[in-house]
Amino acid sequence: MEDKLKSISDGLQQTVPEVSTYNNYGKGVQVGHADTFSPTVNLIITGSNGQQRPANTDYYNLFIGFDPFISDHLLVPKDRALTEYMTPELKSRFTPLDDNAIAEIKRFPSIIVDEYCKTTPSEKNAVFAFVTDVRKQQNGVMVYFRQLYPIPVKVLLENEYALDTVNGYESYRTHWAIKNINLIQVLQDAGVAMWG
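Treat the numbers as computed from the prediction; the structure is a model and nothing was measured. (Residues numbered from 1 in each chain as written. Predicted model: local features only at pLDDT ≥ 70, side-chain atom pairs only at ≥ 80, totals over all residues. Heavy atoms only, no water.)

S.K.: Help me understand the pairing of strand β7 (residues 140-152) in this model?
M.R.: Examined bridge by bridge, strand β4 (residues 73-76) and β7 share four bridges and lie antiparallel to one another. Note that in β7 the partner of L75 across the bridge is M142. As paired strands, strand β6 (residues 125-137) and β7 are joined by twelve bridges and run antiparallel to one another. Looking across to β7, one finds that A126 is bridged to I151. As consecutive antiparallel partners, β6 and β7 are separated by two residues. (Pairing = 2+ DSSP bridges. Helix = DSSP H or I, 4+ residues; strand = E, 2+ residues; numbered from the N terminus.)

Here it is, written out as C-alpha cells:
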C-alpha cells in the first residue's frame with residue numbers, strides 16, 4: 001500500500017482531516033462554520049492540596065432533601081446515606097465510606113436539591129456541585145461540597161427517567177444515593193448550558 005494521496009475523478013485530492021487540540025482556559029470558542037460540532041467537556045478537579053484529577057462522569061451523587069444555597073455542607077441521617085434508591089452493587093461498593101470510597105465519591109459530579117415534586121414552583125433550583133469531603137459522625141454523615149451551577153428543578157422533573165429518579169417517591173424523600181448515570185451527558189442533552 002502506497003503512502004500517497006490518490007487523485008479522485010474531478011481532479012481533487014483526498015485529504016486526511018486535521019486533528020487539533022485547543023485549550024481555551026476560560027475563553028469562549030468561536031466556530032465559523034461546522035457541519036457538526038460536538039465539543040468534549042473534560043472536568044478536572046483540583047483538590048485543596050493543588051492535586052488535579054479528572055472527574056468520573058460514569059456516576060453521580062444525588063442529595064435530595066437539602067437546601068444547597070444556605071451552606072457548603074449538609075448532614076445526611078445515617079439511615080438515609082447510601083442505603084436506598086441504589087443498586088446492590090453500588091451499595092456494597094460505597095456504603096463502608098472508607099478512604100477509597102470517599103476518594104472515589106469526591107470525583108463524581110453531584111446534584112443537591114431540596115425535596116421536589118411536579119407541583120414545585122418552576123423558579124426553584126437545584127445545584128450542580130462536587131463533594132469536597134465526607135465525615136462519618138455519631139449523628140450522621142457530614143458532606144462538604146462546592147457549588148458550581150444552579151440547575152432548574154424543572155430539568156430534573158423532565159429528565160426523571162434519564163437521571164434514574166422515577167423510583168416511587170425518591171424526589172421527595174431525604175436521602176443520598178449514587179447513580180450509575182452520566183449526569184453531564186443528561187444535562188447536556190436537556191439543553192443545560194453550564195459552561196458559559
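S.K.: Honestly, the nonpolar core in this entry has me stumped. Any pointers?
M.R.: Counting residues in hydrophobic clusters, the biggest one holds 26 residues, and the most contacted among them are F63, I105, W176 and I178. At the level of secondary structure, the elements contributing two or more residues to this core comprise β4, α1 (88-94), α2 (99-105), β6, β7 and β8 (175-179). In terms of residues, this core owes the most to one element, β6, which gives four residues. The next biggest cluster of nonpolar side chains, apart from the first, holds 23 residues, and it includes I64, I151, V186 and M194. (Core = buried A, V, L, I, M, F, W, Y, C linked by side-chain atoms within 4.5 Å. Buried < 20%, exposed > 50% of the residue type's maximum accessible area, 1.4 Å probe, protein only.)

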